[in-house]
Amino acid sequence: MFKNYEKFLSDFDEILLLLKNQQKKYIRCKKGCSNCCEKGNYPFSQTEFAYLTEGFINLPYEKKIIVQKNIQNLLQEKEYSDKEIFEHKCPFLIDKECSVYKYRGIICRTFGICYYDDISKYVRLPQCVYDGLNYSEYFDKENNILKIKNVPKINLRIDRVLNSKLAQKYNLKCEEIRPMLDWLKK
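The sections below set out a description of the structure shown in this document. Just so we're clear, the structure is a prediction, and the values are computed from it rather than from any experiment.

**Thoughts on the nonpolar core**
Then comes step 1: With 40 residues, the main nonpolar core has Phe8, Phe12, Phe92, Ile106, Leu156 and Met180 as its most contacted residues.
Then comes step 2: Listing elements by their share of this core, those giving two or more residues are α1 (3-22), α2 (46-57), α3 (61-80), β2 (93-94), α5 (158-161), α6 (165-169) and α7 (180-184).
Then comes step 3: Ranked by the residues each element gives to this core, the list is headed by α1, at six residues.
Then comes step 4: Non-local contacts of Phe92, meaning those with residues more than four positions away in its chain, are made with Leu52, Phe56, Val67, Glu97, Cys98, Ser99, Val100 and Met180.
Then comes step 5: Core analysis: the next-biggest nonpolar cluster, separate from the first, contains nine residues, Ile27, Cys114, Leu146 and Ile148 among them.

**Some remarks on the packing of aromatic side chains**
Then comes step 1: The full count for this structure, using the stated rule, is ten aromatic pairs.
Then comes step 2: Look at Phe2 and Tyr51: their rings are 5.2 Å apart centre to centre, the planes differ by 70 degrees, and that puts the pair in the edge-to-face class. With a gap of 49 residues between them, Phe2 in the segment before α1 and Tyr51 in helix α2 connect regions that are remote in the sequence.
Then comes step 3: The class of Phe2 is buried, set by a relative accessible area of 11%.
Then comes step 4: Tyr51 gets classed as buried once you look at its relative accessible area, which sits at 2%.
Then comes step 5: Aromatic side chains Phe8 and Phe12 sit 5.7 Å apart centroid to centroid with 10 degrees between the ring planes, which places their arrangement in the stacked category. With Phe8 and Phe12 both in helix α1 and four residues apart, the pair spans about one turn of that helix.

**Some words on α2**
Then comes step 1: End to end, α2 covers 16 Å across twelve residues, agreeing with the expected 16 Å (1.5 Å per residue, within 8%).
Then comes step 2: Three or more residues of α2 are buried, namely Glu48, Phe49, Tyr51, Leu52, Gly55 and Phe56. Projected down its long axis, α2 carries its buried residues within an arc of 160 degrees, all on one side.
Then comes step 3: Residues of α2 that are buried in the fold lie against α1, β1 (43-45), α3, α4 (106-110), α5 and α7.

**Focus: α3**
Then comes step 1: The end-to-end C-alpha distance of α3, which contains 20 residues, comes to 29 Å, matching closely the 28 Å that a straight helix rising 1.5 Å per residue would cover.
Then comes step 2: All of the buried residues along α3 are Val67, Ile71 and Leu74. Across the axial projection of α3, the buried residues extend over an arc of 70 degrees, all falling on one side. Exposed side chains of α3 directed beyond 90 degrees from the buried face belong to Tyr61, Glu62, Glu79 and Tyr80.

**Remarks on the environment of Cys114**
Then comes step 1: Mapped onto the elements of the fold, Cys114 is located in the loop between α4 and β4 (115-117).
Then comes step 2: Cys114 sits in the buried class, given a relative accessible area of 0%.
Then comes step 3: Sequence separation between Cys114 and Val151 is 37 residues; the distance between their C-alpha atoms is 6.7 Å.
Then comes step 4: Sequence-distant contacts of Cys114, defined by excluding residues within four places in its chain, comprise Gln23, Val123, Arg124, Leu125, Pro126, Tyr135, Leu146, Val151 and Pro152.

**Re the pattern of salt bridges**
Then comes step 1: In total, this model carries twelve salt bridges according to the counting rule given.
Then comes step 2: For Lys78, the salt bridge is made with Asp182, and the minimal N-O distance between the two is 2.5 Å. Of this pair, Lys78 sits in helix α3 while Asp182 sits in helix α7, placing them 104 residues apart in sequence.
Then comes step 3: For Lys78, a relative accessible area of 24% puts it in the partly exposed group.
Then comes step 4: Of the charged contacts, one joins Asp182 and Lys185 as a salt bridge, the two residues approaching to 3.9 Å between their closest N and O atoms.
Then comes step 5: Owing to a relative accessible area of 21%, Asp182 belongs among the partly exposed residues under this scheme.

The rules behind these values
Residues numbered from 1 in each chain as written. Predicted model: local features only at pLDDT ≥ 70, side-chain atom pairs only at ≥ 80, totals over all residues. Heavy atoms only, no water. Core = buried A, V, L, I, M, F, W, Y, C linked by side-chain atoms within 4.5 Å. Buried < 20%, exposed > 50% of the residue type's maximum accessible area, 1.4 Å probe, protein only. Helix = DSSP H or I, 4+ residues; strand = E, 2+ residues; numbered from the N terminus. Contact = heavy atoms within 4.5 Å. Phe/Tyr/Trp six-rings, centres within 6.5 Å; stacked < 30°, edge-to-face > 60°. Expected span 1.5 Å × (residues − 1). Arc of directions from axis to C-beta. Salt bridge = Lys/Arg side-chain N within 4 Å of Asp/Glu carboxyl O.

See below:
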């Protein structure tokens, strides 16, 4: 069912590895850092979410229980939240590690990388720049200016990735994109 999507992810991950290697002097990501998974709304396409669900199905029973409790708690919190955009810790994050890492979405794969958003016409930086992590040594917070010249001209927004030539190569279509919790509602 997911053969084309997995081939796409393999090629996409190679592109991301090249970008990360080009930007490695700016990136502080390492095992145990889960900063990008601690606060977000995690947009997923329908295919990505179905693939993530496959990862959940393959989890050991104990981890499934933890994830299910996390989801239940977040859905309750969201119900009582008055925020327009409900940001939260990813329910698949257990002990600062992604329990479904192989099955993670495009948004998760691109965390930590800086790129030029040709739709919004600005450089997108990872949120952790404000926490003194990725790109922080090259970012002037006061003036909101990134002091590097080699920002990749590739747009890593989920809608752009799923409408790219690479996605077309594998007959993928950009379907509806929703925050993760919206897919998780019963």
